[in-house]
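Tertiary structure, described
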Amino acid sequence: MIMKNKRKKLANLLLKNYILLYVIMTVILIISLITTLMLGIILYLNNQNSVLDNPYSIMKDDYRDINTTEIEKLNGFIEIIDNNNKVIYTKGKLKEDKTNLSLEDFNLIIENNYINYPEISKPHFCSDYMYRSAYNKEKGFMMIIAIPRESVKEVYLKERKLNPKYFTILSICTCTFILFVGFIIYSRVSSKNFVRPLKILIDGAQKISEGDYSARIFLKSKNEFGELRDAFNTMAERIELEKTLKEKSEEARRRLILDISHDLKNPLANIIGYSDFLIKNQEISKEERLMYLNVIQSNSLRANNLITDLFEFSKLQSIDFMLTMENKDICEFLRSIIASYIPQMEEKGFQYDFDIPEESIFLNFDEKNLDRALSNLILNSIKYNPPNTQIYISVKAIKDKVIITLQDNGIGIPKELQRNIFDPFVRVDEARNSKSGGTGLGLAITKSIIEKHGGTISIESDTGKGTKFTIELNNL
Ligand code: ADP
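All values reported here derive from a predicted model rather than from experimental measurement.

Cut-off values and rules
- Residues numbered from 1 in each chain as written.
- Predicted model: local features only at pLDDT ≥ 70, side-chain atom pairs only at ≥ 80, totals over all residues.
- Heavy atoms only, no water.
- Core = buried A, V, L, I, M, F, W, Y, C linked by side-chain atoms within 4.5 Å.
- Buried < 20%, exposed > 50% of the residue type's maximum accessible area, 1.4 Å probe, protein only.
- Helix = DSSP H or I, 4+ residues; strand = E, 2+ residues; numbered from the N terminus.
- Domains from an automatic or database assignment.
- Contact = heavy atoms within 4.5 Å.
- Phe/Tyr/Trp six-rings, centres within 6.5 Å; stacked < 30°, edge-to-face > 60°.
- Pairing = 2+ DSSP bridges.
- Axes fitted to C-alpha atoms, helices over the stretch in contact; angles between N-to-C directions.
- Salt bridge = Lys/Arg side-chain N within 4 Å of Asp/Glu carboxyl O.
- Patch = residues over 30% accessible without salt bridge, like charges linked within 9 Å, V, L, I, M, F, W, Y side chains within 5 Å.
- Areas by Shrake-Rupley, 256 points an atom, 1.4 Å probe, with all protein chains shown as cover.

Once that is clear, we can look at the nonpolar core. Within the largest apolar cluster, 49 residues are counted, with the highest numbers of intra-cluster contacts made by I330, L374, I404 and I471. In terms of residues, this core owes the most to one element, helix α9 (residues 330-347), which gives 8 residues. Of the domains in this structure, domain 3 (195-321) and domain 4 (322-474) are the two that each give at least three residues to this core. Leaving out residues up to four positions away in the same chain, I404 has contacts with I330, L334, L374, S394, V395, F469, T470, I471 and L473. Among the nonpolar cores identified, the runner-up in size contains 18 residues, and I78, F141, I147 and V152 belong to it.

This part covers the packing of aromatic side chains. One pass over the full model with this rule turns up 10 aromatic pairs. Measuring from centroid to centroid gives 5.4 Å for Y352 and F354, while their planes differ by 15°, and the two rings are stacked. By relative accessible area, Y352 is classed as partly exposed at 30%. In this structure an aromatic cluster arises from ring pairing among Y63, Y89 and F141.

Within the open sheet, the 5 strands sit side by side as β6-β8-β9-β11-β10. Their pairing is mixed. Every other strand in the sheet has two partners, leaving β6 (351-355) and β10 (456-462) as the edge strands with one partner each. In this sheet, neighbouring strand axes are inclined to one another by 10° on average, regardless of whether the strands run parallel or antiparallel. As paired elements, strand β9 (residues 401-408) and strand β11 (residues 466-474) share 8 bridges and run antiparallel to each other. Looking at β11, one finds that I403 is bridged to E472. Relative to β9, helix α10 (residues 367-384) is tilted by about 25°, and along the sheet it contacts β8 (390-398), β9, β10 and β11. Against the sheet, helix α13 (residues 442-452) touches β10 and β11, its axis set at about 140° to β10.

With respect to the element layout, I471 can be found in strand β11. Each C-alpha atom of the pair I471 and V402 lies 8.1 Å from the other, and the pair is 69 residues apart in sequence. Those residues in contact with I471 that lie beyond four places of it in its chain are L374, L377, V402, I403, I404, L406, I450, T456 and I457.

The final tally for this structure, using the stated rule, is 14 salt bridges. E247 is paired through a salt bridge with K243; the nearest N and O atoms lie 3.9 Å apart. In this pair, E247 and K243 are both assigned in helix α7 (residues 224-280), 4 residues apart and thus about one turn of the helix distant. Residue classification places E247 among the partly exposed positions, given a relative accessible area of 48%.

It is worth spelling out α13 at this point. α13 sits mainly inside the fold: 8 of its 11 residues count as buried. By the burial criterion, the buried members of α13 are G442, L443, A444, I445, T446, S448, I449 and I450. Where α13 is buried, its residues meet α8 (286-317), α10, β10 and β11. Just downstream of α13 lies G454, where phi reads positive at about 80°.

The next point concerns the sheet that holds strand β1 (residues 77-82). Backbone hydrogen bonds are what pair the strands of a sheet, in a parallel or an antiparallel way. Strands sit in the order β2-β1-β4-β3 across an open sheet of 4 strands; the sheet is antiparallel. Edge positions in the sheet fall to β2 (87-92) and β3 (129-136), since each has one partner strand and no second. The sheet shows a mean angle of 15° between the axes of neighbouring strands, direction not considered. One ladder, built from 5 bridges, connects β1 with β2; its direction is antiparallel. Note that in β2 the partner of E79 across the bridge is T90.

Right, let's get into a nonpolar patch on the surface. Together, L20, F177, F180, V181, I184, I185 and V189 make up a nonpolar patch on the protein surface, roughly 600 Å² of accessible area in all. It is helix α6 (residues 164-209) that provides the largest number of residues to the nonpolar patch, a total of 6 residues. Its location among the elements puts V181 in helix α6.

On to the pairing of β3. For β3, the buried fraction is high: 7 of the 8 residues fall into the buried class. Sheet topology note: the β3/strand β4 (residues 141-148) ladder contains 8 bridges and is antiparallel. Bridge pairing in β4 links A134 to M143. In sequence, β3 turns back onto β4 through a hairpin of 4 residues, with G140 there showing a positive phi of about 70°.

Structural data, given as structure tokens:
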């Protein structure tokens, strides 16, 4: 639940992207405005640079000092007219070698002075020249600048480069370009947030679909992509675990079949061999015949025990197997089991001690199966240990658990075998086992029964010091 609250949703990521887009758009707007402003300033400055835009820029008190280089470069000329309307000075390439301007020329001068920007195509510009004038108040003279229209067109406008039309186109192009760059940046950032995790997830899914169940997705994300990563990794983990379990159970099944056939082979070979001998040798003595029949019987019993145990073990492994639970006094139940084995203990010269409370401990258990489980343990102690071994059995109720302990101070079980001692067909001493008639399935059956009761069984043992089994059953 805490994880859910901490989770960053994709919706938040989208919101983040929208905010980013908003910021990018604002930046673009500001950049566009600055660019337009700068272009405007450049245009303004460019316009002011021309002597036609500002004839006063070359005005001097002494008209002889007026710099006419730019005008002359454009094949134009200047005329200085005094207060009596007389031309007192000229410089540059004069119009058709005339010293005086016509009235029409003067009209053009007056009109031109009120037009900020000279539009060449206007009808009153029919004259070959374009005129501007500036008046020097102090010295009382007027300067007239005349430049041929062709030069204004070719040179002056070319130099100016920027006119309002060009300026608008350039501004639109610049804004479009900046907008384009902005969107590229935005698409890169947003694709990083969506495409990259998707690619990592697809790569991982592809690996698992190709059978690589060890594949895991490493993706730093707290949103839905992170959840998908976790779900994928859990799925891969489960598949891997199930694959390992399947392989293990397959291996266990194969080993079980091998063990069964191995264990059945010897008694069956003996039965076949001795019965064959008896059939072929009818004339043997009665004693000899009895001896061979005894061998046949003991081997038949061994095979029968193995098949019975195997049947029981398989039954316990089946998912359909159900215990018949009854609520009974476990102390009374244990006392009756122990009582049935006292003659065998005494016969082998065992010493025994029991710690079973007088008062009842009621527990739900399957009498028949728990009898089998506990009997296996007691019988093992009797079977595998030498005379004078001490057996101790106790039962205790601790909180909601009932703990049953079966302990002896016999030969013990080597440490390396303890981990697998509850597996089928695990034996400490093969030779001793065949003598004792053990099938190697006793502890496996005991463990299955205890686990079916929802309990646990553990072993503590040391070679030469004895063995202790502890069973924990839930007393709910
Ligand atoms: P089995 O049915 O052949 O007796 P179990 O599964 O009951 O097989 O026991 C497995 C092995 O554990 C036995 O072969 C025996 O060597 C060893 N074992 C079990 N209990 C004891 C014990 N109390 N003392 C010494 N060895 C034991």
